[in-house]
Amino acid sequence: MAGNGTWLAAAVSAFGAACKAKLSGPGDREAAIRAPLEGLLGAGGQALGVPAVFHDEVRDTQRQVRPDYGVSVKGAITGYVEVKAPGKSIDPANLTGHDKVQWDRQRDLPNLMYTNGTDWRLYRAGDLFGQPVSFAGALETAGPALIAPPQFESLLTEFLRWEPAPITSVGALVRAVAPLTRLLRGEVLDQLALEKRSVSAGKDEFDQPFAGLARDWRALLFPQADDATFADGYAQAVTFALLLARTEGIDLAGVALHDVGTLLGDEHSLMGKALQLLTDDVAKDFKVTLDLLVRVVGAVDWPRVRKGKRDTYLHLYEDFLEAYDNDLRVHRPKKLRAHVLAPDAV
């Protein structure tokens, strides 16, 4: 492990050279820096003793939710990276249009890096963590002379070494899971839209994995629900099914989600079914978000959250709705609420 800055100059120089070469040709400027960026962050992870894998999440520009990369260290999801074109602002105050929509949906993720290749910002739950970092030189011209300040190593270290803090209170639990549930809701909507476009282009409707899941779920709970209602109800059900599994003492680490659903048993039929429907074929479309949600829920110390009050789970939902989507406190689907707050879930 280097970790003492000796890697920084060489890695940034190689990054600068690769970016200059890529940007000198035709094609999308954001796409041009993606491979060099993976090389830079990968070199940093190796040097800092936290080798990272970057899961390339977004190729379809119609998806508005997922950041460009999900990042895992030793098999565990650590955070996300959102990449913008060189020279484009990454200051949330300056974002407009599609970029503003992305920021509004992603902003309260627990560990999110924004970069345009030279400017870097780390966000934790919507708040800027540390100070912004900027490289000296333009990616189009600097080449191997590109220079990063020493603070970049600290920023990257904080990003790659993130771990979910133990969750010991209802407030901390709500703050941890509400943003991930919103992200999952948006991903479900985007996936349904993507599959509808595929069907319109001539693909077989019954070959669309999530459309089939939606049909099964509507049959169970919301026969007349539109896509937005389905996405909302389903994302909530998945989150609370995972929380329910923790109250039942089910270890989530390394267990397939559909198997967790089976372990919940018949007494929690709806909550279990929410997870059982997430077969490997369906879950792959949401893997990074689901893996992070599982990791965060796995950090819940349920005995300390409950503090001897067995009805904590019953009251949790109201607090959750206020943080997740306050409008739903009035307009929530009653059938979903009844199942989430089933008396046998405490």
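This one's a predicted model, so the numbers in the text were calculated from it and none came from an experiment.

### What to know about the side chain of Thr289
Here Thr289 is to be found in helix H12 (residues 287-298). Looking at Thr289, the relative accessible area reads 2%, which means it is buried. Beyond its immediate sequence surroundings of up to four residues, Thr289 is in contact with Tyr80, Leu180, Leu183, Leu184 and Glu187.

### Some details on the pattern of salt bridges
For the structure on display, the rule yields eleven salt bridges. Between Glu82 and Lys84 there is a salt bridge, and its shortest N-O distance comes to 3.2 Å. Glu82 gets classed as buried once you look at its relative accessible area, which sits at 2%. Residue Asp91 pairs with Arg121 through a salt bridge whose shortest N-O separation is 3.8 Å. Of the two residues, Asp91 is situated in the loop between strand S3 (76-83) and helix H4 (97-106) and Arg121 in strand S5 (residues 119-124); the sequence distance between them amounts to 30 residues. Residue Asp91 is classed as partly exposed on the basis of its relative accessible area of 25%. Exposure remark for Arg121: the relative accessible area of 17% places this residue in the buried category. One connected set of salt bridges, linked through shared partners, spans Glu82, Lys84, Lys88 and Asp99.

### What to know about the packing of helix H8 (residues 227-247) against H12
At a minimum axis distance of 10 Å, the contact between H8 and H12 shows a crossing angle of 35°. For the element pair H8 and H12, the recorded crossing hand is right-handed. Taking contact as the criterion, the partners of Val238, Thr239, Leu242, Leu243 and Arg246 in H8 are, on H12, Leu290, Leu293, Val294, Val297 and Gly298. For the contact of H8 with H12, a count of residues per class yields seven nonpolar, two polar and one charged.

### Comments concerning the environment of Ala14
Counting through the fold element by element, Ala14 comes out in helix H1 (residues 6-23). By relative accessible area, which is 47% here, Ala14 ends up partly exposed. C-alpha of Ala14 to C-alpha of Pro144: the two residues are 130 residues apart in sequence and 5.9 Å apart in space.

### A short note on unusual backbone geometry
Phi at Lys74 takes a positive value of approximately 55°, unusual for a residue other than glycine. Inspection of the secondary structure assignment puts Lys74 in the loop between strand S2 (69-73) and S3. Although it is not a glycine, Ala125 sits at a positive phi angle of roughly 55°. Summarising the element assignment, Ala125 is placed in the loop between S5 and strand S6 (127-128).

### Here we look at the nonpolar core
Ranked by internal contacts, the top residues of the largest apolar core, which has 65 residues, are Phe210, Phe230, Tyr234, Val238, Leu242, Leu278 and Phe320. Broken down by element, this core gets its largest block of residues, twelve residues, from H8. Residues Leu8, Phe54, Phe152 and Leu160 belong to the second largest nonpolar core, which totals 36 residues.

### A few points about H1
Helix length check: H1 (18 residues) gives 27 Å between terminal C-alpha atoms against 26 Å at 1.5 Å per residue, within 8%. In this fold, the buried residues of H1 make contact with helix H2 (29-32), helix H3 (34-47) and helix H5 (151-160).

### Quick notes on the confidence of the model for the protein chain
Of the residues in the protein chain, 86% have a pLDDT of 70 or more, and the chain-wide mean is 83. Per-residue pLDDT stays below 50 along residues 58-62; that stretch engages in ten contacts with residues further than four places along the chain or on separate chains.

### Comments concerning the packing of aromatic side chains
Counted according to the given criterion, the structure contains eleven aromatic pairs. With 4.7 Å between their ring centres and 65° between their planes, Trp103 and Tyr123 make a pair best called edge-to-face. Of the two residues, Trp103 sits in helix H4 while Tyr123 sits in strand S5, which places them 20 residues apart along the sequence. The exposure class assigned to Trp103 is buried, which follows from its relative accessible area of 4%. Residue classification places Tyr123 among the buried residues on the basis of a relative accessible area of 4%. When the centroid spacing of 5.0 Å and the interplanar angle of 15° are considered together, the rings of Phe320 and Tyr324 count as stacked. Of the two residues, Phe320 and Tyr324 are both situated in helix H14 (residues 312-324); the distance of four residues between them amounts to about one turn of the helix. Residue Tyr324 is classed as buried on the basis of its relative accessible area, which comes to 3%. Aromatic ring contacts, followed pair by pair, group Phe15, Trp120, Phe135 and Phe152 into a single cluster. Across the ring face of Phe129, the terminal group of Arg124 is positioned such that the distance to the ring centre comes to 4.3 Å.

Rules behind the numbers
Residues numbered from 1 in each chain as written. Predicted model: local features only at pLDDT ≥ 70, side-chain atom pairs only at ≥ 80, totals over all residues. Heavy atoms only, no water. Helix = DSSP H or I, 4+ residues; strand = E, 2+ residues; numbered from the N terminus. Buried < 20%, exposed > 50% of the residue type's maximum accessible area, 1.4 Å probe, protein only. Contact = heavy atoms within 4.5 Å. Salt bridge = Lys/Arg side-chain N within 4 Å of Asp/Glu carboxyl O. Axes fitted to C-alpha atoms, helices over the stretch in contact; angles between N-to-C directions. Left-handed = near helix turned anticlockwise from the far one by under 90°. Nonpolar A, V, L, I, M, F, W, Y, C, P; charged D, E, K, R; others polar. Core = buried A, V, L, I, M, F, W, Y, C linked by side-chain atoms within 4.5 Å. Expected span 1.5 Å × (residues − 1). pLDDT = per-residue confidence, 0-100. Phe/Tyr/Trp six-rings, centres within 6.5 Å; stacked < 30°, edge-to-face > 60°. Lys NZ or Arg CZ within 6 Å of the ring centre and 35° of its normal.

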